[in-house]
Amino acid sequence: MKRFLTLSTAALLCLTTNLFAQLRLSGDIKAIGNSKLMIKYYERSTKKDTSLKITDGKFVWRAPVTESQKITLIFPGRAISIFVDPGEMTIKGSRDSVDNLQVSGSKTNDEAVAYAQMSSSLTDEANMVASQYGKVSEIEELERQKRYSDIAKKKMEMAIQYISTHSGSAYSLNLATEHCRIGTYESVLKMYDLLNKKMQSTSEGKRIAERLVILKRSAIGEKVKDFTLSDHEGKPIDITTYKGKYVLIDFWASWCSPCRKEIPNLIKNYSAFKDQNFTILSISLDDSRDEWLHALAALKMPWTQLVDLKAWNGELATYYGILAIPSSLLIDPKGNIVAKDLRGIELTKKLTELISDHNQVNHGLDIH
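Computed from a prediction, not measured in an experiment: that's the story for all the values here.

Draft legend 1. The pattern of salt bridges, seen in detail. All told, the structure shown has twelve salt bridges when counted by the stated rule. One salt bridge in this structure joins E125 and R147, with 3.7 Å as the shortest N-O distance. Placement of the pair is E125 in helix α3 (residues 120-131) and R147 in helix α4 (residues 138-165), with a sequence separation of 22 residues. The exposure class of E125 is partly exposed, given its relative accessible area of 30%. R147 gets classed as partly exposed once you look at its relative accessible area, which sits at 28%.

Following this line, the structure appears as structure tokens:
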């Protein structure tokens, strides 16, 4: 009887393992020796981290992964992302060239590689144009920004076209997910609506639906949320006191290099339009008051500066789901959102258009 119970227990353990370990990823990475691997992934709606021991470059990862997804593999000093599908997978290569690891057993990863090759010319061009930031003249900078904007639109069109012809693809689902970080409500919704019902009902599809609820709050035409934050002197500032003006709500932080690089452009636009019913409110995502105040002293921004020292967990950052900075909302005199994340020449063009129209309307009213 004791032997029977032992065998039954072993059989049960084996059955449990087979039921819950729907993914088995075997790795063979040369020149890495004995080390550790960290893996970041999802078990349905729950984010997970796991650590594996690498012995002589080899490891095996078993996990209850029931849906295709993008995971992150963190090797010593290096991280890469691959796509996994439930089933048997292998990953081979060398530590000296982790970007060229060979992944087999995942149709989704094959799709990702093919898509990357298809879009490589646009990616290379975008990287080249981005690298010119801060290295060209003011006139050339206008052209650089236009080129970058055009490339972004082409990449968006390519993604939408792909999703429309691959509506049941887990990689299409990922394209929508990736766009959730910086995309608008309108563009993410367009991608989401192209996915078939099966993809929309996956754990990842549900996360996109949840993100859409948040993005809707900053959609064009929505009312800006009422809020009160403290300025550098601790004085409470209420957004409702700015009704009647165009206001650029700028989210930034003292440690954010792209934010600081954009500030000269903000100062230029502020100087040009501050006497035409326009102002700026900067909201810092800093968590250190000293670092924030030091940055204010150095950058000399001539408009109101606000902070709540809760960084990404601040009320507005959470409400609007801000995942990257710089980020901004442009609101009209009635408190409606009219644009989002405008920078460089795009901001100048939009302000010129809005304020010109506003002045024409007011002039017409004065005549009558």
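From this point on, the discussion continues.
Draft legend 2. Spatial organisation of the pairing of strand β12 (residues 278-284). In terms of burial, β12 is a largely internal element, seven of the seven residues being buried. Neither face of β12 is open: one carries F278, I280, S282 and S284, the other T279, L281 and I283, and all of them are buried. In the sheet, strand β11 (residues 246-252) pairs with β12 via seven bridges, with the strands oriented parallel. Looking at β12, one finds that F251 is bridged to I283. Judged from the four bridges that link them, β12 and strand β13 (residues 304-307) form a sheet pairing that is parallel. By the bridge assignment, I283 is partnered in β13 with L306.

Draft legend 3. Structural view of the pairing of strand β5 (residues 69-75). Residues Q69, I71, L73 and F75 line the buried face of β5, whereas the alternating positions K70, T72 and I74 sit on a face that is not buried. Pairing of strand β2 (residues 35-43) with β5 involves three bridges; the strand directions are antiparallel. Directly across from K40, in β5, lies its bridge partner T72. Where β5 lies against strand β6 (residues 78-84), seven bridges are found, and the strand directions are antiparallel. For I71, the partnering residue across the bridge sits in β6 and is I82. Count of turn residues in the β5/β6 antiparallel hairpin: two residues, of which G77 carries a positive phi of about 80°.

Thresholds applied
- Residue positions are counted from 1 within each chain, in the order its sequence is given.
- This being a predicted model, a pLDDT of at least 70 is required before a residue's local features are given, and a value of 80 or more before pairs of side-chain atoms are given or counted; all residues contribute to the totals for chains, interfaces and linings.
- Excluded from the side-chain calculations are hydrogens and water; all other atoms, namely the structure's heavy atoms, are used.
- Think of a salt bridge as a Lys or Arg side-chain nitrogen and an Asp or Glu carboxyl oxygen that are within 4 Å of each other.
- We count a stretch as a helix when DSSP gives it H or I for four or more residues in a row; a strand needs E for two or more, and each element gets its number in order from the N terminus.
- To sort residues, take the accessible area from a 1.4 Å probe on protein chains only and compare it with the maximum for the residue type: under 20% means buried, over 50% means exposed, and anything in between is partly exposed.
- The rule for pairing is simple: two strands pair if DSSP sees at least two bridges between them.

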